[in-house]
Amino acid sequence: NLVEENDMDPYQDGFPHHLPKLSEIKEMLIACVYPVMKTYHLKGGTIGYKGGVLNIEQVIVGYKDFRVQHQVIQQWLTFLHANNPLYANLNIDFDLLSQLPEDGSAE
């Protein structure tokens with residue numbers, strides 16, 4: 001559990017209730033992703049690895065409409081940049097962000 005008692009509370013200063021609630025797709029848009037891979041030098045000079053990431057493109061039929069609002073994404077990214085160390089070095093591209101719909105489908 002992400003709670004203060006185990007020092008894993010992501011909002012130690014309290015949840016930012018002033019920000020809009022995020023849908024699952026909006027959370028995915030702003031989530032930090034850090035692939036982790038360990039590499040090893042094996043006998044004979046070859047390299048082995050563990051923990052690789054595999055991305056497979058797929059066609060999803062019958063997907064639901066993923067509605068986003070660029071203003072909501074911008075508010076959360078700005079908040080996370082200022083308050084979360086994982087986002088501290090993030091460079092927010094406001095021009096790219098403005099290409100998201102004001103209130104529409106993220107295709």
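Residues numbered from 1 in each chain as written. Predicted model: local features only at pLDDT ≥ 70, side-chain atom pairs only at ≥ 80, totals over all residues. Heavy atoms only, no water.

Caption draft 1: Representation of the nonpolar core. Of all hydrophobic cores here, the largest spans eleven residues; its members are Leu19, Leu22, Ile30, Val72, Ile73, Trp76, Leu77, Phe79, Leu80, Tyr87 and Leu97. Contacts of isoleucine 73, omitting those with residues within four sequence positions, involve Lys26, Leu29, Ile30, Leu97 and Leu100. (Core = buried A, V, L, I, M, F, W, Y, C linked by side-chain atoms within 4.5 Å. Buried < 20%, exposed > 50% of the residue type's maximum accessible area, 1.4 Å probe, protein only. Contact = heavy atoms within 4.5 Å.)

Caption draft 2: Structural view of the environment of threonine 78. If you trace the backbone, threonine 78 turns up in helix 2 (residues 70–83). For the pair threonine 78 and isoleucine 92, spaced 14 residues apart in the sequence, the C-alpha separation amounts to 7.9 Å. If near-sequence neighbours (up to four positions away) are discounted, threonine 78 is found in contact with Ile92 and Phe94. (Helix = DSSP H or I, 4+ residues; strand = E, 2+ residues; numbered from the N terminus.)

Caption draft 3: Focus on the environment of leucine 100. Inspection of the secondary structure puts leucine 100 in the loop between helix 3 (94–97) and strand 4 (104–105). Exposure remark for leucine 100: the relative accessible area of 22% places this residue in the partly exposed category. Sequence separation of leucine 100 and histidine 70 is 30 residues, and the distance between their C-alpha atoms is 5.2 Å. With residues near it in sequence (within four places) discarded, leucine 100 still touches Val68, His70 and Ile73.

Caption draft 4: Main features of the environment of alanine 31. As for its placement among the helices and strands, alanine 31 is situated in the loop between helix 1 (24–30) and strand 1 (38–41). With 46 residues separating them in the primary sequence, alanine 31 and leucine 77 have C-alpha atoms 9.4 Å apart.

Caption draft 5: Quick look at the pairing of strand 1. Sheet topology note: the strand 1/strand 2 (residues 47–50) ladder contains four bridges and is antiparallel. Note on strand 2: the bridge partner recorded for histidine 41 is isoleucine 47. In sequence, strand 1 turns back onto strand 2 through a hairpin of five residues, with glycine 44 there showing a positive phi of about 90 degrees. (Pairing = 2+ DSSP bridges.)

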